[in-house]
Amino acid sequence: MTEDPTTTLHRLRSSIDNIDASLVYLLAERFKATKQVGHLKAEHGMPASDPAREEQQVARLRRLAEEADLDPAFAEKWFNFVVAEVIRHHTEAADSR
């Protein structure tokens, strides 16, 4: 028997909602770690950004995206968005010292 389209839609949306919640919690954990990095960098006078590491991470995430059947350009855009926020946090940490 085929599932009713409305039931299927609700099931799929529920799955999407769960994934979105997981992503929010994962991002929160990521920012907790990057804030610690920011404080460490500020404490030791290190620059807020690390272009070489960012370049390595972009390449790594593009490879992972390809393996996951996700658009690598989208993965790179997402990473750049997150890194911009991380650098903002790191700059704030340095400025508050």
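Sequence order as written defines the numbering, with residues in each chain counted from 1. Since the coordinates come from a predicted model, pLDDT governs what is reported: local features require at least 70, and pairs of side-chain atoms require 80 or more to be given and counted, while whole-chain, interface and lining totals use all residues. Excluded from the side-chain calculations are hydrogens and water; all other atoms, namely the structure's heavy atoms, are used.

The name given to the protein chain in an unreviewed UniProt entry is Chorismate mutase, and the organism recorded there is Microbacterium gallinarum.

Caption draft 1: Up close: the UniProt feature "domain: Chorismate mutase" (unreviewed entry) in the protein chain. UniProt positions are given in the numbering used here, feature names are shortened, and annotations may be inferred rather than shown by experiment. Here, UniProt's "domain: Chorismate mutase" (unreviewed entry) annotation points to residues 3–94. Starting at the N terminus, helices and strands are each numbered in turn, a helix being any DSSP run of H or I of at least four residues and a strand any DSSP run of E of at least two. Structurally, residues 3–94 comprises 86% helix and 0% strand, and the distance from its first C-alpha atom to its last is 56 Å.

Caption draft 2: Spotlight on the side chain of His89. Inspection of the secondary structure assignment puts His89 in helix H3 (residues 72–95). For the exposure calls, accessible area comes from a 1.4 Å probe over protein chains only, and a residue counts as buried if that area is under 20% of its type's maximum, exposed if over 50%, partly exposed in between. Judged by relative accessible area, His89 falls into the buried class, the value being 14%. We define a polar contact as two N or O atoms separated by no more than 3.5 Å, with the added condition that, inside protein, one atom must be a possible hydrogen donor and the other a possible acceptor, whereas residues neighbouring each other in sequence contribute only through side-chain atom pairs. Here Arg88 takes part through its side chain, which lies 3.5 Å from a polar atom of the side chain of His89. Apart from residues no more than four positions distant in its own chain, His89 is found in contact with Phe31 and Lys35. By definition, residues are in contact when any of their heavy atoms lie within 4.5 Å.

Caption draft 3: A look at H3. To estimate the expected span of a helix, count its residues, drop one, and scale the result by 1.5 Å. Its 24 residues place the ends of H3 34 Å apart at the C-alpha level, agreeing with the 34 Å of an ideal helix rising 1.5 Å per residue. Two or three places before Ala73, at the opening of H3, Asp71 has a side-chain oxygen 3.0 Å from that residue's backbone nitrogen.

Caption draft 4: Inspection of helix H1 (residues 5–43) at higher detail. The end-to-end C-alpha distance of H1, which contains 39 residues, comes to 56 Å, matching closely the 57 Å that a straight helix rising 1.5 Å per residue would cover. For H1, the full list of buried residues reads Phe31, Thr34, Gly38, Lys41 and Ala42. On its buried face, H1 is in contact with H3. Of the residues trailing H1, Gly45 is marked for its positive phi of about 65°.

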